[in-house]
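Here's the letter readout for the chains.
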Amino acid sequence: MATTFIKYQNNKGFHITESFMQLAFYYIHQEIILPNYIFANKQEIIESMEDDINGSTKTYFVLMWHNDLINSTEEQTMIQVLQNVKTTLQNKGAFISVAEMQAIPTEDRMFKWLFSEKPFPTADLIKIIDALIQMLQGTWESTNYNMDGEINWKYED
């Protein structure tokens, strides 16, 4: 499984398996498409996430929010999006079911295969969301953090 470095500002960020970010971006995408969120570059943000979810950006999976969020108001709006995603995930219970992951619309067959046999812990997705919130708030300090080490879900042959 390919990994990527997700950063926002000052090269601060974390290393993570791309498929885990695809899963997180799906839930962020589901929230951000709601009409109550206003971003100057909303369509670009949505399209970028859709490309990520579809696997179009494999091996070049990056977070483009440093270009897409034009001011601190938009950063605060994105934090609200992420807080709402976190609540949605918490309300799902302990796991995202295999059936739910298989229902995610994506053209990425590797994603479908990877998440075809066992559920994914919502707590692991929340760790990713929390890191993104901290990055937007400017409280994330690491430049070389291994998020995969915090994720309990492992693919088993």
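The following refers to the structure shown. Along each chain, numbering runs from 1 in the same order as the chain's sequence is written. Given that this is a predicted model, residues contribute local features only at a pLDDT of at least 70 and side-chain atom pairs are listed and counted only at 80 or more, while totals for whole chains, interfaces and linings are drawn from all residues. The basis for the side-chain values is all heavy atoms of the structure; hydrogens and waters are excluded.

### Looking at helix H7 (residues 122-137)
Convention followed: Helix numbering and strand numbering both begin at the N terminus, where a helix is a DSSP run of H or I of at least 4 residues and a strand a DSSP run of E of at least 2. Given a helix with a known number of residues, its expected span is that number minus one, times 1.5 Å. Throughout, exposure labels follow a simple rule: accessible area from a 1.4 Å probe, protein chains only, divided by the maximum for the residue type, with under 20% read as buried, over 50% as exposed, and the rest as partly exposed.
Between its first and last C-alpha, H7 extends 22 Å over 16 residues, near the 22 Å set by a 1.5 Å rise per residue. Residues Thr122, Asp124, Leu125, Ile126, Ile128, Ile129, Ala131, Leu132, Ile133, Met135 and Leu136 constitute the buried set of H7. Positive phi shows up at Gly138, right after H7, with a value of about 80 degrees.

### A look at the packing of helix H4 (residues 72-91) against H7
Helix-helix packing: each pair is described by the crossing angle between the helix axes and the interaxial distance. Basically, it comes down to this: Under this scheme, a helix contributes an axis fitted over its contacting stretch, all axes are lines through C-alpha atoms, and angles between N-to-C directions fall in the 0 to 180 degree range. For classification purposes, an angle smaller than 35 degrees is called roughly parallel, one larger than 145 roughly antiparallel, one from 65 to 115 roughly perpendicular, and anything else oblique. Should the near helix be turned anticlockwise from the far one by less than a right angle, the crossing is termed left-handed; should it be turned clockwise, right-handed. Contacts were defined at the residue level, with two residues in contact if any of their heavy atoms lie within 4.5 Å. When residues are sorted by character, Ala, Val, Leu, Ile, Met, Phe, Trp, Tyr, Cys and Pro go into the nonpolar class, Asp, Glu, Lys and Arg into the charged class, and all the rest, Gly among them, into the polar class.
Interaxial distance between H4 and H7 falls to 10 Å at its minimum, and their mutual angle equals 165 degrees. As the angle between them shows, H4 and H7 are arranged roughly antiparallel. Two packed elements cross with a definite hand, and for H4 against H7 that hand is left-handed. Counted together, Glu75, Met78, Ile79, Leu82, Gln83, Val85, Lys86, Leu89 and Gln90 of H4 and Thr122, Leu125, Ile126, Ile129, Asp130, Leu132, Ile133, Leu136 and Gln137 of H7 form the full contact between these two elements. Class assignment for the residues of the contact of H4 with H7 results in eleven nonpolar, four polar and three charged.

### Brief notes about a negative patch on the surface
Formally: Patch membership is restricted to residues that have no salt bridge and whose relative accessible area is over 30%. Joining uses 9 Å for like charges and 5 Å for the nonpolar side chains Val, Leu, Ile, Met, Phe, Trp and Tyr. Here the Shrake-Rupley method, with its probe set to 1.4 Å, supplies the accessible areas, and only the displayed protein chains count as covering residues. We define a salt bridge as a side-chain nitrogen of Lys or Arg found within 4 Å of a carboxyl oxygen belonging to Asp or Glu. For the purpose of charge, His is not counted, nor are the chain termini; Lys and Arg are scored as positive and Asp and Glu as negative. Note on charges: their place is set at NZ of Lys, CZ of Arg, CG of Asp or CD of Glu.
Residues Glu44, Glu47, Glu50 and Asp51 make up a contiguous surface patch of negative charge. With respect to the helices and strands, Glu47 occurs in helix H2 (residues 42-53). Note on Glu47: relative accessible area 40%, which makes it partly exposed.

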